[in-house]
Amino acid sequence: MKRTDYCGRMDRQRLTQTVTVCGWVHRRRDHGGVIFIDLRDREGLVQIVCDPDRAEIFALAEKLRHEFVIGVTALVRPRPEGTVNPDLASGEIEILAHEIEILNTAQTPPFQLDDENLSETVRLQHRVIDLRRPQMQKNLHLRYRAAMAARRYLDARGFIDIETPVLYKSTPEGAREFLVPSRIHHGLFYALPQSPQLFKQMLMMAGFDRYYQIVKCFRDEDSRADRQPEFTQIDIETSFLSEVEIRDIMEGLVRQMFKEALQVELPDPFPIMKYADAMRDYGIDKPDLRVALKLTELTDLMQSTEFKLFRSAAELPNGRVAALRVPGAGGGERALTRKEIDDYTAFVKIYGAGGLAYIKVNDAAKRNEEGLQSPIVKFLSAEILDAIIERTGAQTGDLIFFAADREKVVNDSLGALRGKVGHDRGFAEEGWKPLWIVDFPMFEFDDERKAWVARHHPFTSPKDGHEALMKTDPGHAIAKAYDVVLNGWEIGGGSVRNHKPEMQAQLFEALEIGPEEQQQKFGFLLEALKYGAPPHGGIAFGFDRLVALMAGVEQIRDVIAFPKTQRAQDLLVEAPAPVTEQQLRDLHIKIR
């Protein structure tokens, strides 16, 4: 029995034709002596009719159960009037079975494929069955279309797909690495790459000009909804292009992927926002612009207040006091209840905030305890209350949240609260809101190490004119780095690199990476830089995140065929798993 086409492709164009389709029995229904079978393959469903006039076919159809694999030769005919299914591509036709062959039987599956209340543990334990579900088929088809759109776009612009090694060298690039022991070289280890960063730079030094790769990367860090121990990047590097030129090409890539894979036209061009502006207005470097709410800066104002909680935060060298105005949340039908305010207070504590002060604006014209309801109003002068109302633009019926702490805590907590309140309270628009974040800091201070560390990675070039600041004032040095953000998710990040050895040496010096460590960790890169490296820069897109956004799912596991759990376990194949004592001996390893 030779298949002529897929089930989901059957439509009115096939009327009166005899076709052969193969797939899985999705449903079997016995309606008054006529048996209907919904047959499923990767393209969708088609309805098969088994008529009792064909006794042999009918007897075979009675034996069919869920997930049996069958082949059917049948005549395509229109569905009877009133039975058309507009939700199916094949919904206008049905096929009358002339021949059925059972290619394989199946045990009763662990769950029904249309069950929407499955635990993720069950789904991942039985991932093969889970992947048969129409939604998962749709997600992985979407992933394929997005990948092909990216390849077509990059191929058309002269990018070359080049593979880089997976067995790599341990280098300090931020996250913890997976290590692979060497059997041949006693006591030595490979590392799985966090990204092909150094290899793609060396490909530019080798003269390939434009490189890309859809590549697996590995990080041994805690999982979350948008993170996996192994994940996929669209990794890209270019030569002889400026930061703006690189961004223009990469923006076109994202736009083309959405157009081809999802039939969505993204804004052209993407808005551009400086990192400092994003942190001031949104508290986060990946703001969801669908939410119109903004933070209000109050630090300078609170340096003169008698309210100790606010003043002490405002006087910290890295302190901040900021407010978030929520229209209509202080009174009327949309007012927040005390419980809801308590829930939001508990939410910001996740981000290190000690609490969440608030003022309900009962009457914006009365800027005292009569018009402004809050335990903190009595501690604030009339002048400061006036300034808070003016700066936030608060109106009668609004609610103002406050955070006062170290700048990072305020930004993290109010930035997250802004997004949550925006979506909870109906302040989020529908649609797609991309933007570029630019002018990132070169460095950030690591409180544990008491040292400056690279904000992006230690190969990023400083902004023109900021070279000297790397040594004299690291906190104010700006990088030629850029992120592309979509609906509150960072989907890609990149930078222009240091192509001159002396500039790379200055950067290592600022990071307190001495000559010996430089040679040990990055000697191969420094050696390559000596022989005429071109100006170069690039970007890496989180492909799993991109597809998850396209698919409208909340976690990237739903767009990965065989993902790990939050605890980095593969429940299907039961990995990680123990190995034999002989395997450990071969690798010169003893488990302690």
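Remember, it's a predicted structure, so these values are computed and weren't measured experimentally.

Participant: Which parts of the structure should I look at to understand the overall build of the protein?
Facilitator: A tally of regular secondary structure across the protein gives 17 helices and 22 strands. Buried residues in the protein amount to 49% of all 592 residues. Sequence-distant contacts, at least 24 apart, represent 67% of the contacts inside the protein between residues at least 6 apart. Accessible surface, the protein: about 29300 Å² in total, of which carbon and sulfur atoms supply 50%. Computing the positive centroid from 78 side-chain charges and the negative centroid from 90, the protein places the two 2 Å apart.

Participant: I would appreciate a short explanation of the sheet that holds strand E20 (residues 481-486) in the present structure.
Facilitator: The strands making up a sheet associate through hydrogen bonds between their backbones, and the pairing can be parallel or antiparallel. Pairing within the open sheet is mixed, and its eight strands lie in the order E6-E9-E10-E22-E21-E20-E17-E11. Two strands in the sheet have a free side with no partner beyond their single neighbour: strand E6 (160-161) and strand E11 (272-274). Most of the contacts of helix H4 (residues 134-156) go to strand E9 (residues 210-218), to which it runs at about 150°, and overall it touches E6, E9 and strand E10 (230-239). Contacts from helix H5 (residues 197-205) reach E9, E10 and strand E22 (536-542) within the one sheet, and its direction differs from that of E10 by about 25°.

Participant: Got a minute to help me understand helix H11 (residues 382-392) in this structure?
Facilitator: Turn by turn, an α-helix covers 3.6 residues, leaving residues three or four places apart pointing in a common direction. Within H11 the residues assigned to the buried category are Ile384, Leu385, Ala387, Ile388, Ile389 and Thr392. At its buried positions, H11 is contacted by strand E12 (295-297), helix H8 (299-302), strand E13 (319-326), strand E14 (357-361), strand E15 (372-373) and strand E16 (399-406). Looking one or two residues beyond H11, the residue adopting positive phi is Gly393, at roughly 70°.

Participant: What is the right way to look at the pattern of salt bridges in this model?
Facilitator: Note that side chains of opposite charge can pair when their charged atoms are close. Going through the model one piece at a time under the given rule, you end up with 51 salt bridges. Arg127 is the partner of Asp130 in a salt bridge, and the nearest nitrogen-oxygen pair spans 2.7 Å. Taken as a pair, Asp130 and Arg127 lie in helix H3 (residues 127-130) at a separation of three residues, close to a single helical turn. No difference in accessibility class separates Asp130 from Arg127, as the two residues are buried. Here Lys530 and Glu527 are joined by a salt bridge, their closest N and O atoms 3.2 Å apart. Assessed through its relative accessible area of 54%, Lys530 is described here as exposed. Through salt bridges that share partners, Arg123, Arg127, Asp130, Arg133 and Asp558 make up one connected network.

Participant: What's the story with the sheet that holds strand E3 (residues 44-50) in this structure? I'm lost.
Facilitator: Around the barrel, which closes on itself, the five strands sit in the order E1-E2-E3-E5-E4 with mixed pairing between neighbours. Recorded for the sheet is a direction-independent mean angle of 55° between the axes of neighbouring strands. Bridge analysis of E3 against strand E5 (residues 93-104) gives two bridges, and the strand direction is parallel. For Ile48, the partnering residue across the bridge sits in E5 and is Ile95. Its contacts with the sheet place helix H1 (residues 55-63) against strand E1 (18-31), strand E2 (34-41), E3 and E5, and it is angled at close to 65° to E5.

Participant: Mind showing me how you'd approach the packing of aromatic side chains here?
Facilitator: Within this structure, the stated rule accounts for twelve aromatic pairs. Relative to Phe440, the ring of Tyr275 has its centre 5.2 Å away and its plane inclined at 40°; by these criteria the two rings are tilted. Separated by 165 residues along the polypeptide, Tyr275 in helix H7 (residues 275-282) and Phe440 in the loop between strand E17 (434-438) and strand E18 (443-446) bring together distant segments of the chain. Each member of the pair, Tyr275 as well as Phe440, carries the same accessibility label: buried.

Participant: Before we go on, may I ask you to explain a nonpolar patch on the surface in this structure?
Facilitator: Taken together, the side chains of Val128, Phe562, Leu572 and Val573 present a nonpolar region at the surface, about 350 Å² in accessible area. Inspection of the secondary structure assignment puts Val128 in helix H3. For Val128, a relative accessible area of 45% gives the class partly exposed.

Parameters and conventions
- Residues numbered from 1 in each chain as written.
- Predicted model: local features only at pLDDT ≥ 70, side-chain atom pairs only at ≥ 80, totals over all residues.
- Heavy atoms only, no water.
- Helix = DSSP H or I, 4+ residues; strand = E, 2+ residues; numbered from the N terminus.
- Buried < 20%, exposed > 50% of the residue type's maximum accessible area, 1.4 Å probe, protein only.
- Contact = heavy atoms within 4.5 Å.
- Areas by Shrake-Rupley, 256 points an atom, 1.4 Å probe, with all protein chains shown as cover.
- Lys, Arg positive; Asp, Glu negative; His and termini not counted.
- Charge placed at Lys NZ, Arg CZ, Asp CG, Glu CD.
- Pairing = 2+ DSSP bridges.
- Axes fitted to C-alpha atoms, helices over the stretch in contact; angles between N-to-C directions.
- Salt bridge = Lys/Arg side-chain N within 4 Å of Asp/Glu carboxyl O.
- Phe/Tyr/Trp six-rings, centres within 6.5 Å; stacked < 30°, edge-to-face > 60°.
- Patch = residues over 30% accessible without salt bridge, like charges linked within 9 Å, V, L, I, M, F, W, Y side chains within 5 Å.

Remember, this is a structural readout, not a statement about activity or role.
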